[in-house]
Amino acid sequence: MDGFGGRAAIVGIGETDYVRGAPHLPVELMLQAADDAIADAGIDPAAIDGIIPPPGYTSSEELAANLGVDTLRLATTVHMGGASPVASLQHAALAVAAGIARHVLVVVGWNGYSAFRPREGVPRPRRGLDGSAVGDTVVDYYVPYGARSAAQFYGWIAMRHKQLYGTLDTDTGEIAVTFRAHAQNNARALMRGTPLTMDDYLGARWVSEPFRLYDCCLETDCAAAVVVSAVEEARDLPHPPAVIVAGAEGHPSPADDIANRADFFRIGLTDAAPRAFAAAGTSARDMDFLQIYDCFTYVVLLQLEALGLCERGEAGAFVRDGVLRLEGGALPTNTHGGLLSQGHMWGMNHVVEAVRQLRGDAGAAQVPDAEIGCVTGWGDFGDGSLVILARDR
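Each value, and the rule that gives it
Residues numbered from 1 in each chain as written. Predicted model: local features only at pLDDT ≥ 70, side-chain atom pairs only at ≥ 80, totals over all residues. Heavy atoms only, no water. Helix = DSSP H or I, 4+ residues; strand = E, 2+ residues; numbered from the N terminus. Expected span 1.5 Å × (residues − 1). Buried < 20%, exposed > 50% of the residue type's maximum accessible area, 1.4 Å probe, protein only. Pairing = 2+ DSSP bridges. Contact = heavy atoms within 4.5 Å. Axes fitted to C-alpha atoms, helices over the stretch in contact; angles between N-to-C directions. Parallel < 35°, antiparallel > 145°, perpendicular 65-115°, else oblique. Left-handed = near helix turned anticlockwise from the far one by under 90°. Nonpolar A, V, L, I, M, F, W, Y, C, P; charged D, E, K, R; others polar. Phe/Tyr/Trp six-rings, centres within 6.5 Å; stacked < 30°, edge-to-face > 60°. Disulfide = S-S within 2.5 Å. Salt bridge = Lys/Arg side-chain N within 4 Å of Asp/Glu carboxyl O. Core = buried A, V, L, I, M, F, W, Y, C linked by side-chain atoms within 4.5 Å.

Chemist: How should helix H1 (residues 26-41) be read in this particular structure?
Modeler: Owing to its 3.6 residues per turn, the α-helix brings residues three or four apart onto one side. In this model H1 runs 22 Å from its N-terminal to its C-terminal C-alpha over 16 residues, within 8% of the 22 Å that 1.5 Å per residue would give. All buried positions along H1 are accounted for by Pro26, Val27, Leu29, Met30, Leu31, Ala33, Ala34, Ala37, Ile38, Asp40 and Ala41. Count one or two residues on from H1 and you reach Gly42, which has phi positive near 75°.

In structure tokens, the structure reads:
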């Protein structure tokens, strides 16, 4: 194990509904999720002494004031886009293991649907997302050539991968259809009640080749939060702790520009995954489940390769026979529906689902005898993060 491995655990989880057009500001959604996570942990809000918010919308201080937190010993933010929540778990675990803080709240929320569709009755936040240097790259170098959306930026990588390795449309379709099936078990999934067939997937309109409509994640207004505490203290709290066994982050080079990379497929997780699994003394094939960041179907394929589950170019064939399915699959993945079918909460909903699996509280989506699993994050132009969680032994 690494310096914090096995010394910290997730003891509380909370999430809002995943909706389109929430009548609440992002900070209000975050406070709802935070309240639920703190209550789930069975601690008083005043016991929180560390807060890690997302890069934008709010601050640790604003959240502390509204939650009734009097003493903040840790206030920090990770700037890795969608990889931030999972990377933040490493920061929280380090702080707890070092004795800097006892109970760290990691929270994220946004108006991912309403921000792009302003209308009467839906409030607009005073502060938006902090796009950092990635936003500068887009404005200065991509927009002048007509590229302005994530589907276009990631489409460059996906199309190159497809052309080189012959990945089939039905391979990415398998991911979309599988995660939609999993969402039918999740009462909070936006796409519950809306099944998806392979014919539906293949017949959908193009967004930006090679991405069709159902290759793209949902846009939702939502929030999710977890509380991280020391394992020894966690054992006295209401729920079985989800122990943070290991974690890591990685960044492609250059991190904030795709077009100038020597290797399109060397993503952040390519470096992070081997370090995390080595620290944990395990491998991706030993996991009972995976929760993979799925902003696009192809991003799942790239991460499966980076995790070492298959060689470069083989991810399409790897998923082709249903390995990711809850029913009959060797590696049940995104058992809640993921960003593609539950909702887009920067992957923090993946963390919440992983904890439910380890508690045995996932209901119809429960993986039998789940004892260990991993969650990945993907942000900006391929920043990667990974956390390995396990039942307390």
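Once you've had a look at it, read on.
Chemist: What am I meant to see in the pairing of strand E8 (residues 242-250) here?
Modeler: Sheet faces and side chains relate simply in a regular strand, where the side chains alternate between the two faces. E8 sits mainly inside the fold: eight of its nine residues count as buried. With two bridges joining them, strand E1 (residues 8-15) and E8 adopt antiparallel strand pairing. Looking at E8, one finds that Ile10 is bridged to Ala242. Inspection of the sheet shows E8 paired to strand E11 (residues 383-391) by eight bridges, in the antiparallel sense. If you follow Val243 over to E11, its bridge partner there is Ala390.

Chemist: How do you make sense of the side chain of His182 when you look at a structure like this?
Modeler: Within the secondary structure layout, His182 lies in helix H6 (residues 169-183). Residue His182 is classed as buried on the basis of its relative accessible area of 4%. Once residues lying within four places of it in the same chain are set aside, the contact partners of His182 are Leu324, Arg325, Leu326, Thr333, Asn334, Thr335, His336 and Gly337.

Chemist: Is there a simple way to think about the packing of H1 against helix H2 (residues 60-67) in this case?
Modeler: Geometrically, a packed helix pair is captured by the angle between its two axes and the distance between the axes. Where H1 meets H2, the axes come as close as 11 Å, and the angle between the chain directions of the two elements is 60°. By the criterion of interaxial angle, the relationship of H1 to H2 is oblique. Two packed elements cross with a definite hand, and for H1 against H2 that hand is right-handed. Residues Val27, Met30, Leu31, Ala34, Asp35 and Ile38 of H1 touch H2, and the partners they reach there are Glu62, Leu63, Asn66 and Leu67. Classifying every residue of the contact of H1 with H2 by side-chain character gives seven nonpolar, one polar and two charged.

Chemist: Just checking my understanding: could you explain the packing of aromatic side chains for this structure?
Modeler: Aromatic rings in a pair are described by how distant their centres are and how their planes are angled relative to each other. All told, the structure shown has ten aromatic pairs when counted by the stated rule. Aromatic side chains Phe153 and Phe381 sit 5.5 Å apart centroid to centroid with 75° between the ring planes, which places their arrangement in the edge-to-face category. Here Phe381 lies in the loop between strand E10 (372-379) and E11 and Phe153 lies in helix H5 (residues 150-165), a separation of 228 residues in the sequence. Judged by its relative accessible area of 6%, Phe153 falls in the buried class. Ring plane angle 15° and centroid distance 4.7 Å describe the contact between Phe211 and Phe296, whose orientation is recorded as stacked. Note that Phe211 is positioned in strand E6 (residues 211-212) and Phe296 in the loop between strand E9 (289-291) and helix H10 (297-306), a separation of 85 residues in sequence.

Chemist: I'm lost on the state of the cysteines in this one. Help?
Modeler: Two cysteines joined by a covalent bond between their sulfur atoms form a disulfide. Evaluation of the coordinates by the stated rule reveals zero disulfides. No disulfide involves Cys217; its sulfur sits 6.0 Å from that of Cys295, the nearest cysteine. Of the cysteine sulfurs around Cys310, a residue in no disulfide, the closest is that of Cys374, at 13 Å.

Chemist: Mind showing me how you'd approach the pattern of salt bridges here?
Modeler: Charged atoms that come close allow side chains of opposite charge to pair. For the coordinates displayed, the defined rule picks out 14 salt bridges. For the salt bridge of Asp49 with Arg73, the shortest nitrogen-to-oxygen distance reads 3.2 Å. Of this pair, Asp49 sits in the loop between H1 and strand E2 (50-52) while Arg73 sits in the loop between H2 and strand E3 (74-75), placing them 24 residues apart in sequence. Exposure remark for Asp49: the relative accessible area of 4% places this residue in the buried category. For Arg73, a relative accessible area of 52% gives the class exposed. Where Asp271 meets Arg266, a salt bridge forms, and the shortest distance between an N and an O atom there is 2.5 Å. We classify Asp271 as partly exposed; its relative accessible area is 29%. One network of salt bridges, in which partners are shared, links Lys162, Asp169 and Arg212.

Chemist: Is there a simple way to explain the pairing of E11 in this structure?
Modeler: The element E11 is extensively covered by neighbouring structure, given that eight of its nine residues are classed as buried. In terms of strand pairing, E10 meets E11 through eight bridges, oriented antiparallel. Residue pairing in the sheet places Gly377 in a bridge with Ser385 of E11.

Chemist: Looking at this structure, how should I read unusual backbone geometry?
Modeler: In terms of backbone geometry, most residues other than glycine have negative phi values and most peptide bonds are trans. In this structure, Pro210 follows Glu209 across a cis peptide bond, with omega equal to 10°. With respect to the helices and strands, Pro210 occurs in the loop between strand E5 (206-208) and E6. With an omega dihedral of -10°, the bond running from Ser253 to Pro254 counts as a cis peptide bond. Residue position: Pro254 is located in the loop between E8 and helix H9 (268-280). One non-glycine residue with positive phi stands out, namely Tyr57, at about 75°. Unlike most non-glycine residues, Asp380 shows phi in positive territory, near 50°. Among the secondary structure elements, Asp380 is positioned in the loop between E10 and E11.

Chemist: I keep staring at the nonpolar core and nothing clicks. Help me out?
Modeler: Across soluble globular proteins, you tend to see nonpolar side chains buried next to one another. Core analysis: the largest hydrophobic core is formed by 71 residues, its most contacted members being Ile10, Leu105, Val226, Val227, Val228, Met345 and Leu389. Of all the elements, H1 adds the most residues to this core, at nine residues. For Met345, the contacting residues outside a window of four places in its chain are Tyr18, Val108, Gly109, Trp110, Cys222, Ala223, Ala224 and Leu339. Counting residues in hydrophobic clusters, the runner-up holds 58 residues, among them Ala147, Cys216, Ala276 and Phe318.

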